[in-house]
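# Summary of structural features
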Amino acid sequence: MKKNEVISVEVIDLCKDYGSILASDHINLQAHQGEIIALLGPNGAGKSTLMNMIAGYLAPMSGNIKILGQDITEAPIFAKQNIGFLPEGSPLYADLSVKMFLNYMAQLRGAGKKAVQNVAQIANITNVMAQKIETLSKGYLRRVGFAQSILANPPILLLDEPTDGLDPNQKEYMRNLIMQMASDKTIIISTHLLEEAESICNRIIILDKGKVKADGTLKQILQKTKTKTLAAAFRQLTTEQEAD
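First, a word on what this report is: a plain description of the structure on this page. Predicted model, so just to flag it, every value in this text is computed and none were measured. (Residues numbered from 1 in each chain as written. Predicted model: local features only at pLDDT ≥ 70, side-chain atom pairs only at ≥ 80, totals over all residues. Heavy atoms only, no water.)

### Some remarks on the sheet that holds strand β5 (residues 70-71)
Rules: For two strands to count as paired, DSSP must find a minimum of two bridges between them. Helix and strand labels come from DSSP, where a helix needs a run of H or I of at least four residues and a strand needs a run of E of at least two; each type is numbered from the N terminus. A contact between two residues is defined here by any heavy atoms of the two lying within 4.5 Å. Axes, fitted as lines to C-alpha atoms, cover a helix only where it is in contact. Angles between the N-to-C directions of the axes lie from 0 to 180 degrees.
Read across the open sheet, the four strands follow the order β2-β1-β4-β5; overall the sheet is antiparallel. With one partner strand each, in any of the chains shown, β2 (21-32) and β5 form the two edges of the open sheet. Two elements, strand β4 (residues 62-67) and β5, share two bridges in a ladder whose sense is antiparallel. Within β5, the position partnered with Ile67 by the bridge is Gln70. Contacts from helix α1 (residues 47-55) reach β1 (7-18), β2 and β4 within the one sheet, and its direction differs from that of β1 by about 120 degrees.

### What about helix α6 (residues 168-181)?
Condition: One less than the number of residues in a helix, times 1.5 Å, gives the span that helix is expected to have. A 3.5 Å cut-off defines polar contacts: any pair of N or O atoms within that distance qualifies, except that in protein one atom must be a possible hydrogen donor and the other a possible acceptor, and neighbouring residues in sequence count only when both atoms are side-chain atoms.
Under the 1.5 Å per step criterion, the end-to-end length of α6 is 20 Å for 14 residues, consistent within 8% with the ideal 20 Å. Those residues of α6 that are buried are in contact with β3 (36-40), α4 (113-122), α5 (138-149), β7 (156-160), β8 (186-190) and α7 (194-200). Among the residues of α6, the N-terminal cap falls to Asp167, whose side-chain oxygen and the backbone nitrogen of Asn169 are separated by 3.0 Å.

### Concerning the packing of helix α8 (residues 218-225) against helix α9 (residues 230-239)
Note the threshold: Angles below 35 degrees are treated as roughly parallel, those above 145 as roughly antiparallel, those between 65 and 115 as roughly perpendicular, and all remaining angles as oblique. For any helix crossing, the convention is left-handed if the near helix is rotated counterclockwise from the far helix by under a right angle, and right-handed if that rotation is clockwise. Charged residues are taken to be Asp, Glu, Lys and Arg, nonpolar residues to be Ala, Val, Leu, Ile, Met, Phe, Trp, Tyr, Cys and Pro, and polar residues to be all remaining types, Gly included.
Contact geometry for α8 and α9: axes closest at 10 Å, N-to-C directions at 55 degrees. One finds that α8 runs oblique with respect to α9. Seen from above, α8 lies across α9 with left-handed handedness. Contacts between α8 and α9 pair Leu218, Ile221, Leu222 and Thr225 from the former with Leu230, Ala233, Gln236 and Leu237 from the latter. Its residues assigned to classes, the contact of α8 with α9 comprises six nonpolar, two polar and no charged.

### Focus on the pattern of salt bridges
Short version of the rule: Any Lys or Arg side-chain nitrogen found within 4 Å of a carboxyl oxygen on Asp or Glu counts as a salt bridge.
With the rule as written, the count across this model stands at six salt bridges. Close ionic contact of Arg175 with Glu195 constitutes a salt bridge, the shortest N to O distance being 4.0 Å. Of the two residues, Arg175 sits in helix α6 while Glu195 sits in helix α7, which places them 20 residues apart along the sequence. Taken together, the shared-partner salt bridges in this structure form one network comprising Glu35, Arg203 and Asp215.

Structure (structure tokens):
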């Protein structure tokens, strides 16, 4: 990384447990402007927990998170103003129309009606703006969730399974969109799709049992694991400890 690159997100010795389960085990990482980072890991690895802590939805047991240099515990509003978050499942107001929901979220984010029109076009949801959210397919729900995450044009995007429920054409559209937006943003994607990490991300972090098992480019991870494919590297890094 160049020394003058903006550190958008800094995670310092982060720990979080759920009783006997350690979901984040002394995690350290930095994310810079212009990076698209994939968080990979098996179910229960701690991906969503980490995303929710960075977004400020969950409090860590110990450790610190800085957003654009400011600790989120000392400046929580600043952190939320600079983060767009698409959570897993994307909880929405089911009884509202898409337009009403986005207008409401725009008011909360300090964005205007033009922003709603803009994100509706970007997310390709203009044809369902009058529909109630409860009537939407899973794919449209993800796109509406994505639209709300970019309403205020935040410099940091946290996207938990952004292409979940999308058909192949919609997946390609979303992935191209994410790559186009990345030049002036930091984008962290939690995904279980290895091809998604390979095709759009310039950095991959593999988590297992709350620990960072690898962090680097695809080439660096393949060199570290002495494997030829990301799938082989993933298996090696996430199955070695199963007998413990």
